[in-house]
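One letter stands for each residue in the lines below.
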Protein chains: 2
Amino acid sequence: MTGLDLSHVHAFVAVADAGSVSAAADQLSITQPALTRRLQKLQRDHEVQLLERRGPGLALTSAGRAFLPTARHLLREHDQAGHHLAYLRDGTLRELSVVAPGTTLIDIIIPFVATLGPDRPRTSVTEAALDLRIREAVETHDVVIFPAEPDDTVTSTELLNLPVWAHVASTHRWASRTEIELAELTEESLSVPTRNFAARRKLDAALELENLVLHQVQETNSGQVAQALVATGGGVAVVTDDPAFGLKPLRIIHRGQPLSMELCAMVKPDHYARREIAEFVHQLAVFCTQKYPSLD
Amino acid sequence: MTGLDLSHVHAFVAVADAGSVSAAADQLSITQPALTRRLQKLQRDHEVQLLERRGPGLALTSAGRAFLPTARHLLREHDQAGHHLAYLRDGTLRELSVVAPGTTLIDIIIPFVATLGPDRPRTSVTEAALDLRIREAVETHDVVIFPAEPDDTVTSTELLNLPVWAHVASTHRWASRTEIELAELTEESLSVPTRNFAARRKLDAALELENLVLHQVQETNSGQVAQALVATGGGVAVVTDDPAFGLKPLRIIHRGQPLSMELCAMVKPDHYARREIAEFVHQLAVFCTQKYPSLD
DNA sequence: AGTGTTTACGCGCCTCGTAAACATC
DNA sequence: GATGTTTACGAGGCGCGTAAACACT
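Residues numbered from 1 in each chain as written. Chains lettered and ligands numbered in written order. Predicted model: local features only at pLDDT ≥ 70, side-chain atom pairs only at ≥ 80, totals over all residues. Heavy atoms only, no water.

1. Some points on the UniProt feature "domain: HTH lysR-type" (unreviewed entry) in chain A
Move 1: Per the UniProt record, the feature "domain: HTH lysR-type" (unreviewed entry) sits at residues 4-61 of chain A.
Move 2: The annotated region residues 4-61 of chain A carries 62% helix and 14% strand content, and the separation between its end C-alpha atoms amounts to 19 Å. (UniProt positions renumbered as here; feature names shortened; annotations may be inferred. Helix = DSSP H or I, 4+ residues; strand = E, 2+ residues; numbered from the N terminus.)

2. As for the pattern of salt bridges
Residues and elements named next belong to chain B.
Move 1: The final tally for this structure, using the stated rule, is 28 salt bridges over all chains.
Move 2: Taking the shortest distance from any N to any O, the salt bridge between Asp90 and Arg89 comes out at 3.0 Å.
Move 3: The exposure class of Asp90 is partly exposed, given its relative accessible area of 36%.
Move 4: Arg89 sits in the partly exposed class, given a relative accessible area of 32%.
Move 5: Across the pair Glu187 and Arg173 runs a salt bridge, and its minimum N-O distance is 3.8 Å. Residue Glu187 is found in the loop between β8 (179-181) and β9 (189-193), and its partner Arg173 is found in the loop between β7 (165-168) and β8; the two are separated by 14 residues along the sequence.
Move 6: The class for Arg173 is exposed, based on a relative accessible area of 56%. (Salt bridge = Lys/Arg side-chain N within 4 Å of Asp/Glu carboxyl O. Buried < 20%, exposed > 50% of the residue type's maximum accessible area, 1.4 Å probe, protein only.)

3. Things to note about the packing of helix α5 (residues 102-115) of chain B against helix α9 (residues 274-291) of chain B
All names here are of chain B.
Move 1: Two elements in contact, α5 and α9, have axes whose closest approach is 10 Å; the angle formed by their N-to-C orientations is 110 degrees. Taken as axis vectors, α5 and α9 run roughly perpendicular relative to one another. As for the relative orientation of α5 and α9, their crossing is right-handed in sense. Contacts between α5 and α9 involve Asp107, Ile108, Ile109, Pro111, Phe112 and Thr115 on the former and, on the latter, Phe280, Gln283, Leu284, Phe287, Cys288 and Lys291.
Move 2: Residues belonging to the contact of α5 with α9 are distributed by class as follows: eight nonpolar, two polar and two charged. (Axes fitted to C-alpha atoms, helices over the stretch in contact; angles between N-to-C directions. Parallel < 35°, antiparallel > 145°, perpendicular 65-115°, else oblique. Left-handed = near helix turned anticlockwise from the far one by under 90°. Contact = heavy atoms within 4.5 Å. Nonpolar A, V, L, I, M, F, W, Y, C, P; charged D, E, K, R; others polar.)

4. Brief notes about the protein's contact with DNA strand D
Move 1: Lining the immediate surroundings of DNA strand D are 20 residues, of which Thr31(A), Val21(B), Ser22(B), Gln32(B) and Gln40(B) lie closest.
Move 2: Of all DNA strand D atoms lying within 4 Å of any protein atom, the proportion belonging to sugar or phosphate reaches 72%.
Move 3: One of the backbone N or O atoms of Val21(B) is found 2.7 Å from a phosphate oxygen in DNA strand D.
Move 4: Here Ser22(B) contributes a side-chain N or O atom positioned 2.4 Å from a phosphate oxygen of DNA strand D. (Near = heavy atom within 4 Å. Polar contact = N/O pair within 3.5 Å; in protein donor to acceptor, adjacent residues only side chain to side chain.)

5. Topic: the sheet that holds strand β14 (residues 260-267) of chain A
Residue and element names in this part refer to chain A.
Move 1: On the basis of which strands lie adjacent, the open sheet formed by five strands has the order β4-β3-β5-β14-β6 and mixed pairing. Each edge of the sheet is formed by a strand with only one pairing partner; in this case those strands are β4 (122-127) and β6 (155-163). Here the average twist between neighbouring strands, direction ignored, is 20 degrees.
Move 2: Judged from the two bridges that link them, strand β3 (residues 95-100) and strand β5 (residues 143-147) form a sheet pairing that is parallel. Pairing of Val98 across the sheet is with Val143, part of β5.
Move 3: Helix α5 (residues 102-115) contacts β3, β4, β5, β6 and β14 of the sheet and is inclined by roughly 170 degrees relative to β4.
Move 4: Lying on the sheet, helix α9 (residues 274-291) is in contact with β3, β4, β5, β6 and β14; it crosses β6 at an angle near 15 degrees. (Pairing = 2+ DSSP bridges.)

6. Structural notes on the packing of aromatic side chains
Residue and element names in this part refer to chain A.
Move 1: In total, this model carries eight aromatic pairs over all chains according to the counting rule given.
Move 2: With a centroid separation of 5.5 Å and 75 degrees between ring planes, the pair formed by Phe112 and Phe280 is classed as edge-to-face. With Phe112 in helix α5 and Phe280 in helix α9, this pair connects stretches of sequence that are 168 residues apart.
Move 3: By relative accessible area, which is 3% here, Phe112 ends up buried.
Move 4: Grouping aromatic residues by their ring pairs yields a cluster made of Phe112, Phe280 and Phe287. (Phe/Tyr/Trp six-rings, centres within 6.5 Å; stacked < 30°, edge-to-face > 60°.)

7. A short note on the interface of chain B and chain A
Move 1: Every contact between the two is made by 25 residues of chain B and, on the other side, 25 residues of chain A.
Move 2: Taken together, the two surfaces of chain B and chain A that pack against each other cover about 2,300 Å², and 74% of this comes from carbon and sulfur.
Move 3: Area buried by chain B at its contact with chain A is led by His78(B), Leu85(B) and Arg89(B), which between them contribute 23% of it.
Move 4: Where chain B touches chain A, the interface holds zero salt bridges.
Move 5: Joining chain B to chain A, the criterion identifies eight residue pairs in polar contact (both at pLDDT 80 or more).
Move 6: Sorting the residues of the side of chain B that touches chain A by element identifies α3 (32-46) and α4 (62-90) of chain B as the ones contributing at least two each.
Move 7: Looking at which element gives the most residues to the side of chain B that touches chain A, the answer is α4(B), with 14 residues.
Move 8: Taken together, the residues of the side of chain B that touches chain A break down into twelve nonpolar, eight polar and five charged. (Buried area = accessible area lost by both parts, 1.4 Å probe.)

8. Focus: the protein's contact with DNA strand C
Move 1: Within the structure, DNA strand C sits among 19 residues, and Ser22(A), Gln32(A), Gln40(A), Thr31(B) and Arg38(B) are positioned closest to it.
Move 2: Interatomic distance of 2.8 Å between a side-chain N/O atom of Thr36(A) and a phosphate oxygen of DNA strand C.
Move 3: For the surface near DNA strand C, the secondary-structure elements that each account for two or more residues are α2 (21-28), α3 (32-46) and β2 (57-60) of chain A together with α3 of chain B.
Move 4: By residue number, the principal contributor to the surface near DNA strand C is α3(B), which donates five residues.
Move 5: Of the residues assigned to the surface near DNA strand C, the class counts are six nonpolar, eight polar and five charged.

9. Concerning the relation of the copies chain B and chain A
Move 1: Note on the identical chains: chain B maps onto chain A by a rotation of 179 degrees and an axial translation of 0.2 Å, with an RMSD of 0.3 Å. In the structure described here, the two chain copies are related by an operation that fits a two-fold rotation axis. Nearest to the rotation axis, the C-alpha of Thr153(B) is located 3.5 Å from it, this being the minimum over chain B. (Least-squares fit on C-alpha atoms with pLDDT ≥ 70 in both.)

10. Some remarks on the environment of Ala244(B)
Residues and elements named next belong to chain B.
Move 1: Mapped onto the elements of the fold, Ala244 is located in the loop between β11 (236-239) and β12 (248-254).
Move 2: Overall, the relative accessible area of 22% leaves Ala244 in the partly exposed class.
Move 3: When the C-alpha atoms of Ala244 and Gln227 are compared, they prove to be 7.1 Å apart, with 17 residues separating the residues in sequence.

11. Regarding the sheet that holds strand β14 (residues 260-267) of chain B
Residues and elements named next belong to chain B.
Move 1: As summarised here, the arrangement of the five strands in space is β4-β3-β5-β14-β6, forming an open sheet in which the pairing is mixed. What marks the edges here is a single partner per strand, and that holds for β4 (122-127) and β6 (155-163). Each strand axis lies, on average, 20 degrees off the axis of its neighbour in the sheet, ignoring direction.
Move 2: Note that β6 and β14 share eight bridges and pair antiparallel. Looking at the pairing, Thr155 lines up with Val267 of β14.

12. Details of the nonpolar core
Within soluble globular proteins, side chains that are nonpolar generally end up buried alongside one another.
Move 1: With 52 residues, the main nonpolar core has Phe12(A), Leu50(A), Phe12(B) and Leu50(B) as its most contacted residues.
Move 2: Only α1 (6-18), α2, α3 and α4 (62-90) of chain A together with α1 (6-18), α2 (21-28), α3 and α4 of chain B provide two or more residues apiece to this core.
Move 3: Not counting residues within four places of it along the chain, the set of residues in contact with Phe12(A) comprises Leu39(A), Leu42(A), Leu50(A), Leu51(A), Leu60(A), Gly64(A), Phe67(A), Leu68(A) and Ala71(A). (Core = buried A, V, L, I, M, F, W, Y, C linked by side-chain atoms within 4.5 Å.)

Have a look at this one:
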């Protein structure tokens, strides 16, 4: 009948995360018996079993697994509401959280944040898995930067049309060119990151459309490594990273267009600080057009 | 620093709703000094002024107005989480809340709910303003029934292709016909509900497309009244309601198609009881095709 | 042995209600 | 004379930590 106690919900989530009551108790800075009491009160008050003995410790019941996302969501909303109040107090965001793929983080976000004065909101940055669900990420973070299709559920700002580069060593026979045809790649030995990277996905998609197959492919866990391999061993690195190790970047032409992807900044449309965030995104967009003037 | 106390948030919203501290205190079943203490603690803890003296009583500050939606949202999520637990306990929904426009309520939802056995979830029904924001409504209620365009953010089920009827008295010269052309309506004296009704909007949209203008229009506050006027005074009532007062319904043909609108049932895609709700919606859809077999 | 649970005790904090004096409009 | 605020008091509740015995695997 009575609404649930947030400290109980917190306890539940902490246990689910920590995997054991005592570990969670440490994390919550309370004693283990106290935590046990909270958990039992939560379950007794609502007559639901969320945890059960399994092995030496505890595990979630099916009900517990079902409730966990709801619990997390509630705590998140609770945090957000607190942040909203803090925002109303200060008039400015004191912290702004940004998610972006690692490549984007290194080439764009970090350099941009470095240009901001100290009076700007402190920016906390998180690396995104390329398979993140944007609608969820937008709930947890203030700005999501991602190569993405537009989505009506978020306010989306186009930052950049980001080329997918073919990097070659300066000794490579292509080194003096500025672009190559997609089909030409099949003649070469390629270094590409895994399918977790957007550049790889774009490349695969384009190849698929043309029924092209690569013959010599070295798969790496990052664009940087792909570039390093090319710098030392020759071949071509297909990545979105900026050139490194003195490599020469070439555009990849597919059906007359350079292979590229839209980089978008996405924000929850009803975010309480949408004004400030829009300003931040706008500055970021300006920074992007300055860094990549030819791509505008 | 510490997260906000839900009872404080509740206090704030109650005061905003009730308009005065003492009224809100009554509603919360606590004394007025206690409420005052809560409000001040909320504002002191977070160093924000949400309320200020205005006239004899209190009023929201601009910060208060800004925070109110967030506060409401948090309380709603809190409730939802509680309902989720109750659902996990009982295994079935004990209450299912439905929103629908008044016309739909009377002609479809109420008759349908009446057919359900007593072991079915208790259904609480709310009338919707026709200008409701579906994304918000879906947060507050389990099912939203509405003449609507599909929306990716909700799981939408088509219930019915609902005709916009032209009702005439049995003595009217059209009484033996089953359909009329849109343009013919301009010759007649029309009774139509206000633009708050979907039927009226459809009609206006179709007339606009054809550059047609009505000459004799009587605007009413409900479809029922429009029908009543026609039954007693003659003319044509353009509404989505079922026939009443012995009126004859005619389809309105526009560009070869009967004027109609899709009636959809919409549910939050990650609703904790989406399974049960989908079953409810399915039964409702079956009920609709039985009630309007010709329209399937 | 390393989990988590249970019991009992005492302490402290917090919030309530009451009641009465003030303050504003 | 509405409304909301402030003060002070005392009572009750609730949850904590501690500590120790217990239960399960």
